[in-house]
Every structure is written in structure tokens, then in C-alpha cells.
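Structural description and commentary
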Amino acid sequence: MSPAPDERERIRTAMDRILAGRAEHSNGALTIVALALEAKVPRNALTQRHTDLKAEFYEQVRARGGTPDSERRLRRQVRRLKELRAADAQEITQLKADVEALVGALHRVTVENSHLHLQLADQRAHAIVRVLPTQTTP
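A short tour of the structure in this document, coming up. Everything quoted here is computed from the prediction, not taken from an experiment. (Residues numbered from 1 in each chain as written. Predicted model: local features only at pLDDT ≥ 70, side-chain atom pairs only at ≥ 80, totals over all residues. Heavy atoms only, no water.)

What follows concerns the packing of helix 1 (residues 7-19) against helix 2 (residues 32-39). The N-to-C vectors of helix 1 and helix 2 enclose an angle of 115°; their axes lie 8 Å apart at closest approach. Note on packing geometry: the crossing formed by helix 1 with helix 2 is right-handed. Of the residues in helix 2, those in contact with Arg10, Ile11, Ala14, Met15, Arg17 and Ile18 of helix 1 are Ala34, Leu35, Glu38 and Ala39. A class-by-class count of the residues in the contact of helix 1 with helix 2 yields 7 nonpolar, no polar and 3 charged. (Axes fitted to C-alpha atoms, helices over the stretch in contact; angles between N-to-C directions. Helix = DSSP H or I, 4+ residues; strand = E, 2+ residues; numbered from the N terminus. Left-handed = near helix turned anticlockwise from the far one by under 90°. Contact = heavy atoms within 4.5 Å. Nonpolar A, V, L, I, M, F, W, Y, C, P; charged D, E, K, R; others polar.)

Right, let's talk about the packing of aromatic side chains for a bit. One pass over the full model with this rule turns up 1 aromatic pair. Between phenylalanine 57 and tyrosine 58 the ring centres are 5.8 Å apart and the planes differ by 45°, which places this aromatic pair in the tilted class. Both residues of the pair, phenylalanine 57 and tyrosine 58, count as buried. (Phe/Tyr/Trp six-rings, centres within 6.5 Å; stacked < 30°, edge-to-face > 60°. Buried < 20%, exposed > 50% of the residue type's maximum accessible area, 1.4 Å probe, protein only.)

A word on the nonpolar core. With 19 residues, the main nonpolar core has Ile11, Leu35, Leu46 and Phe57 as its most contacted residues. Listed by contribution, the elements that provide at least two residues to this core are helix 1, helix 2, helix 3 (43-49) and helix 4 (51-63). Here phenylalanine 57 is in contact with Met15, Ile18, Leu19, Leu30, Thr31, Ile32 and Leu35, once residues within four sequence places are set aside. (Core = buried A, V, L, I, M, F, W, Y, C linked by side-chain atoms within 4.5 Å.)

Next up on the list: helix 2. Burial of helix 2 is extensive: 6 of the 8 residues sit out of reach of the surface. Along helix 2, the residues that are buried comprise Ile32, Ala34, Leu35, Ala36, Glu38 and Ala39. Against the buried residues of helix 2 lie helix 1, helix 3 and helix 4. Lysine 40 sits one or two positions beyond helix 2 and adopts a positive phi of about 55°.

Of note, glutamate 7 is situated in helix 1. At a separation of 3.0 Å, a polar atom in the side chain of glutamate 7 contacts the side chain of arginine 49. (Polar contact = N/O pair within 3.5 Å; in protein donor to acceptor, adjacent residues only side chain to side chain.)

As a further point, take unusual backbone geometry. The backbone phi angle of lysine 40 is positive, close to 55°, even though this residue is not glycine. The exposure class of lysine 40 is exposed, given its relative accessible area of 56%.

Attention now moves to the environment of alanine 29. On the secondary structure map, alanine 29 appears in the loop between helix 1 and helix 2. Using a relative accessible area of 15% as the deciding quantity, one classes alanine 29 as buried. In this view, alanine 29 contacts Ile18, Ala34 and Asp69; residues no more than four positions away in its chain are not counted.

Pasting the structure below:
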């Protein structure tokens, strides 16, 4: 699909309206999506054909002391992911400690079970000896 002849001009006009807070066709957010809606062009017009205008838009947003909405969203997401990563690391540490404790407990129970088996075998051996009559040699 070829771009409309006045596409760049519509984008520039839309940039001016959004940056002035006078959006007519979008929510006025400082995003490429809102800019595309405001200019009545497809979003890929900014992400593929007119990347220079996209960069210019973000430069103007930053120059006015603002942060583009997309950047704010990404920063929030990065912060949330870092918090999740820290929580996961803490949980992994706890799980490793739990595994070590369970392995120790399993070892102790296994040793105790072996001792009990030996005791049971000894008791059975003594019981058999008691049951057998003593033989006398002639």
C-alpha cells in the first residue's frame, strides 16, 4: 500500500495538535498509536515508512520535559519484572534450603530404618535360637 501524498504533512500537523494538548481524533497520549490515530494514518506509517517523524515526535516529547507513555509503561514493566525476579530469587533460595533439610531428614530416617531392620533381624535370630531345642551330643 503506497502512502497518501499528504501523509507526512498530516503526521506533522497531528504532532503539533497532540503536543499542544488539542487532540481531535485520539486520546492525546504521547504515543505513536495516538499519533497515528490523530493523523489518520496506519501505525506502520510511523514504524516503517516515517521513522524519522516517529523519532522527531519522541524528541519533542522529551524536549518538553515529558516522557512518552510507551517509555513510562516500559519502565513500570521493568520495575515490576525486577521485583518479580527478586521475589523468585528469594523463593529459590528458600526452596534450596528446604531441599537440603528434606534430604537430611530423609537420610536420618533411612539410617534409623536400617538400624530397626537390623534390630528386627537380631530379635528374630534370638527367637529362633530359643525355639530350637538344645541338642545334646551322645
